[in-house]
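Each chain is listed here by its residues.
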Amino acid sequence: MSSESTPVTMDKIVSLCARRGFIFPSGDIYGGINGFWDYGPLGVELKNNLKALWWQRVVRERDDVVGIDSAIITHPRTWEASGHTENFSDPMVDCRSCKKRFRADQLQDAGACDSREGSSEHDFTEPRNFNLMLQTQIGASEDASLVAHLRPETCQPIFTDFKRVRETARQKIPFGIAQIGKAFRNEITPRNFTFRSREFEQAEMEFFVHPSEREQWFAHWQAERVNFHLALGFASESLRTRAHADDELAHYAKIAEDVEFLFPFDWQEIEGIHDRGDWDLSAHTEYSGKELSVTDPETKESFVPMVIETSMGVDRTCLALLVSAYDEEDLGDGDSRTVMRFSPLIAPVKLAVLPLSKKLAEPAREVARNLRRDWNCSYDESGNIGRRYRRQDEIGTPWCVTYDFDSEEDGKVTVRDRDSMEQERVAVGDLANLFRERMETAR
Ligand code: GAP
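A brief structural summary. Since we're looking at a predicted model, the values are computed, not measured.

Strand pairing within a sheet occurs via backbone hydrogen bonds; the two strands may be parallel or antiparallel. Spatial ordering of the open sheet is given by β5-β4-β6, a layout of three strands whose pairing is antiparallel. Pairing within the sheet leaves two strands with one partner each, and these edge strands are β5 (101–103) and β6 (128–131). On average, each strand axis in the sheet is inclined to that of its neighbour by 50°, with strand direction left out of account. Sheet topology places strand β4 (residues 89–94) next to β6; four bridges connect them, and they run antiparallel. Looking at the pairing, Pro-91 lines up with Asn-129 of β6.

And the structure:
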């Protein structure tokens, strides 16, 4: 949303995130660790709001999708069956001189070699496939049979739990299973802030359908997911879908379409919608020996359900929300402000109560206490009121409530709108209803 004259750059986003405590390098005091990020007090609120909205729309508002929360480490056979042990790799090369490792398809970004005498060219090895799963050891023994992997996608436990969840939740085809959680990939070149990380979160939903209905359900979920992103407040011109060409398809996918966002560095995927066919259920049947087909209760037909998957990157969508919200507004007379124009639905802080003077702290705190029953409401009494408004603008708080000396007399406060900066007097007793209505309008 940044104005034309001051386009948003990744440097501005990274700097605001560090300055205001949205997102910063993990282990920062030790110099950080490439590909790992920590979410601070505002970042965790933003992320939690996004996840809660996704869960609300995908699980709670439907009676044909149920949720799970599975272990991050699952049985090692899972990844053999899913094809990740064999196929989940990127071709990489090493430089024999500086020992750095690069993706073979991204050598144009390798930069200069700083270890060779008489040349700044890297001395590359032949490309080799590098498996992206992060490995760990279970138990104290060094026995190789106890090697396990952190899940590289959250969906596989949905497939291994499919039978139990279908039976216990008494679901019939078509229905879906959803999960939000951490995934891990040993990316060779993490980059673009949180965009390509080694630890990240996915919000995935696997929808199990009869083979004759896969096309219609793919279209259904494609439309649902685009609508979801539009409801987050993304401008339609910064969002598009792009179908994968045959040579781009992941090993499990029959058809795939990405939801892409226009980041400062390019159009890039924030969510994938995939027709995975019966790849996963058939593979897990073969590797586990457990039958995962279903029988239609009416026709008695037995079949392996086809799977339509929606897979949203939570961190990438958060990053897109930060980029999309960022604005530097020229206020005239050499004045300007940085304002994060988050939709009230996902804004980390919804309201801020600001007493005009510290002498009004007690009644103002009482107003904040009441609003906190329903919303994340901050309280700030330090600095002049203009500076306090700017602080709230910069973190995207949609409304500020100012308690002044007249409030003591008339029982009213000033509500200031973040975007228009307009102010109105509202009775303290009407605040909850006003914000409830405004929140509802934002839905
Ligand atoms: N289960 C299907 C699956 O994992 P994917 O396209 O590999 O499909 C889905 O990943 C989403 O997960 C992507 O659209 C992206 O938003 C997110 N994602 C994947 N790799 C990521 C990474 N290294 N860092 C951050 N997010 C990532």
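A surface patch of nonpolar side chains, amounting to about 220 Å² of accessible area, comprises Ile-73, Ile-138 and Leu-146. If you trace the backbone, Leu-146 turns up in the loop between β7 (135–137) and β8 (147–149).

Taken together, 22 residues sit near the ligand, with Glu-153, Glu-187, Ser-197, Glu-204 and Glu-269 positioned nearest. With respect to the ligand, the side chain of Arg-276 contributes an N or O atom lying 3.4 Å from a nitrogen atom. Here a nitrogen atom of the ligand and a side-chain polar atom of Glu-309 are 2.9 Å apart. Its free accessible area being 560 Å², the ligand has 93% of it covered by the protein chains.

This part covers the pairing of strand β12 (residues 255–263). Within β12, seven of the nine residues are buried, leaving the element largely enclosed by the surrounding structure. With five bridges connecting them, strand β11 (residues 239–243) and β12 associate as antiparallel partners. Pairing of Leu-239 across the sheet is with Phe-261, part of β12. With nine bridges connecting them, β12 and strand β13 (residues 266–277) associate as antiparallel partners. Note that in β13 the partner of Ala-256 across the bridge is His-274. As consecutive antiparallel partners, β12 and β13 are separated by two residues.

The next subject is the packing of helix α2 (residues 41–60) against helix α9 (residues 314–325). What describes two packed helices is the angle between their axes and the distance between those same axes. Contact geometry for α2 and α9: axes closest at 10 Å, N-to-C directions at 115°. One way to sum up the angle between α2 and α9 is to call them roughly perpendicular. For the pair α2 and α9, the sense of crossing is right-handed. Residues Leu-46, Lys-47, Leu-50 and Lys-51 of α2 pack against Val-314, Asp-315, Thr-317, Cys-318, Leu-321 and Leu-322 of α9. Among the residues forming the contact of α2 with α9, the class breakdown is six nonpolar, one polar and three charged.

What counts and what doesn't
- Residues numbered from 1 in each chain as written.
- Predicted model: local features only at pLDDT ≥ 70, side-chain atom pairs only at ≥ 80, totals over all residues.
- Heavy atoms only, no water.
- Pairing = 2+ DSSP bridges.
- Helix = DSSP H or I, 4+ residues; strand = E, 2+ residues; numbered from the N terminus.
- Axes fitted to C-alpha atoms, helices over the stretch in contact; angles between N-to-C directions.
- Patch = residues over 30% accessible without salt bridge, like charges linked within 9 Å, V, L, I, M, F, W, Y side chains within 5 Å.
- Areas by Shrake-Rupley, 256 points an atom, 1.4 Å probe, with all protein chains shown as cover.
- Salt bridge = Lys/Arg side-chain N within 4 Å of Asp/Glu carboxyl O.
- Near = heavy atom within 4 Å.
- Polar contact = N/O pair within 3.5 Å; in protein donor to acceptor, adjacent residues only side chain to side chain.
- Buried < 20%, exposed > 50% of the residue type's maximum accessible area, 1.4 Å probe, protein only.
- Parallel < 35°, antiparallel > 145°, perpendicular 65-115°, else oblique.
- Left-handed = near helix turned anticlockwise from the far one by under 90°.
- Contact = heavy atoms within 4.5 Å.
- Nonpolar A, V, L, I, M, F, W, Y, C, P; charged D, E, K, R; others polar.

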